[in-house]
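For reference, the chains in residue letters:
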Amino acid sequence: MAEPRRTGRPSRTTRTSHTSRTSRTAEEAAPRVSRTAELWLVGIGMALSFVALGGFALVMNQIDMATFEQVVMPALVGAEADSGLGVAEAHELARTLAAWFSITLIAVLLLSAIGWFVARRRPWRRTAGWWILAAGLACLLGSQLILFPLAFIFFVAAGFFALRPVTDGSPS
């Protein structure tokens with residue numbers, strides 16, 4: 001006689017008991033992992049992006065035209081007077097950039113928060129690294145390559161998620 005064929009699924013009558021038993025053993029078998037370094041890097045990246053992106057957006061939305069012309073416009077356009085760009089046009093472009101940075105900040109913080117949550121919930125999985133990598137790419141591309149050092153922090157954290165070995169605390 002041939003053995004009955006086994007499928008990957010439990011039968012309908014024992015599905016609930018088998019599923020709860022499987023999830024219980026999966027959680028018990030999951031290794032204890034400390035992702036402290038990764039979470040610190042993500043936290044530092046989130047704080048710095050909040051200061052850089054949010055600070056620029058806040059300043060540009062609160063600044064008046066006279067202060068913009070004296071302080072910010074020479075830094076953005078250059079010191080030469082014949083740039084061909086009027087003050088009103090430069091102010092509007094800077095406010096558009098501030099709006100773009102605001103959207104980028106929201107995306108970076110959301111992606112980082114999801115990655116943080118996944119890393120705290122299931123630290124032995126490398127899924128959090130993908131979320132952090134997405135946050136770094138959003139920071140890099142959303143800032144139009146200006147904040148590449150800040151995006152590098154996210155990339156290092158994502159690399160730690162991908163490359164750090166997951167051990168259960170035993171030395172062997």
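The following refers to the structure shown.

Topic: the overall build of the protein
- Of regular secondary structure, the protein possesses six helices and zero strands.
- Each helix and strand of the protein, ordered N terminal to C terminal, gives the series α-α-α-α-α-α.
- Across the 172 residues in the protein, those meeting the buried criterion constitute 28%.
- A separation of at least 24 residues holds for 68% of the contacts in the protein among residues at least 6 apart in sequence.
- Entry remark: accessible area of the protein is about 11700 Å², with carbon and sulfur atoms responsible for 64%.

A few points about helix 2 (residues 36–62)
- Taking 1.5 Å of rise per residue, the 27 residues of helix 2 would be expected to cover 39 Å, and the 37 Å separating its terminal C-alpha atoms lies within 8% of that figure.
- In helix 2, a bend of some 25° at Gly54 exceeds every other bend along the element.
- Of the residues making up helix 2, those classed as buried are Glu38, Leu39, Leu41, Val42, Gly45, Ser49, Leu53, Gly54, Ala57 and Met60.
- In the core, the buried residues of helix 2 are packed alongside helix 3 (65–77), helix 4 (87–121), helix 5 (127–142) and helix 6 (148–163).

A look at the packing of helix 4 against helix 5
- Running from N to C, helix 4 and helix 5 point in directions that differ by 170°, and their axes come no closer than 8 Å. Looking at the two axes, helix 4 sits roughly antiparallel to helix 5. In contact with Trp100, Phe101, Thr104, Val108, Leu111, Ser112, Ile114, Gly115, Trp116, Val118 and Ala119 of helix 4, helix 5 contributes Thr127, Ala128, Trp131, Ile132, Ala134, Ala135, Ala138, Cys139, Leu141 and Gly142.
- Of the residues assigned to the contact of helix 4 with helix 5, the class counts are 16 nonpolar, five polar and no charged.

Notes on helix 5
- Taking 1.5 Å per residue as the helical rise, helix 5 with its 16 residues ought to reach 22 Å, and the 22 Å between its terminal C-alpha atoms agrees with that figure.
- Those residues of helix 5 that fall on the buried side of the exposure criterion are Ala128, Gly129, Ile132, Ala135, Gly136, Ala138, Cys139, Leu140 and Gly142.
- In this structure, the buried residues of helix 5 make contact with helix 2, helix 4 and helix 6.
- One or two steps after helix 5, the chain reaches Gln144, where phi turns positive at roughly 60°.

Some words on the side chain of Glu38
- Structurally, the position occupied by Glu38 is in helix 2.
- Excluding residues within four positions of it along the chain, Glu38 makes contact with Ala157, Phe160, Phe161 and Arg164.

A short note on the side chain of Arg35
- Relative to the helices and strands, Arg35 is located in the loop between helix 1 (15–29) and helix 2.
- Arg35 gets classed as buried once you look at its relative accessible area, which sits at 4%.
- Within the structure, the side chain of Arg35 is placed 3.0 Å from the side chain of Glu38, a separation counted as a polar contact.

A closer look at unusual backbone geometry
- In this structure, Gln144 takes a positive phi of about 60° despite not being glycine.
- Within the secondary structure, Gln144 sits in the loop between helix 5 and helix 6.
- With phi around 70°, Leu145 is a residue other than glycine that occupies positive phi space.

Quick look at the nonpolar core
- By size, the foremost hydrophobic cluster in this structure holds 24 residues, and its most contacted members are Ile132 and Cys139.
- Within the residue set of this core, elements represented by two or more residues are helix 2, helix 4, helix 5 and helix 6.
- Among the elements that make up this core, the one with the highest residue count is helix 6 (seven residues).
- If we ignore the near neighbours within four places in the chain, the residues touching Cys139 are Thr104, Val108, Leu147, Leu150 and Ala151.
- Ranked by size, the runner-up nonpolar core spans nine residues in total, among them Ile63, Met73, Ala94 and Ala98.

Reading guide: rules and limits
- Residues numbered from 1 in each chain as written.
- Predicted model: local features only at pLDDT ≥ 70, side-chain atom pairs only at ≥ 80, totals over all residues.
- Heavy atoms only, no water.
- Helix = DSSP H or I, 4+ residues; strand = E, 2+ residues; numbered from the N terminus.
- Buried < 20%, exposed > 50% of the residue type's maximum accessible area, 1.4 Å probe, protein only.
- Contact = heavy atoms within 4.5 Å.
- Areas by Shrake-Rupley, 256 points an atom, 1.4 Å probe, with all protein chains shown as cover.
- Expected span 1.5 Å × (residues − 1).
- Bend = angle between axes of the 7 residues up to and from the residue.
- Axes fitted to C-alpha atoms, helices over the stretch in contact; angles between N-to-C directions.
- Parallel < 35°, antiparallel > 145°, perpendicular 65-115°, else oblique.
- Nonpolar A, V, L, I, M, F, W, Y, C, P; charged D, E, K, R; others polar.
- Polar contact = N/O pair within 3.5 Å; in protein donor to acceptor, adjacent residues only side chain to side chain.
- Core = buried A, V, L, I, M, F, W, Y, C linked by side-chain atoms within 4.5 Å.

In short, the description is geometric, and any link to function would need to be established separately.
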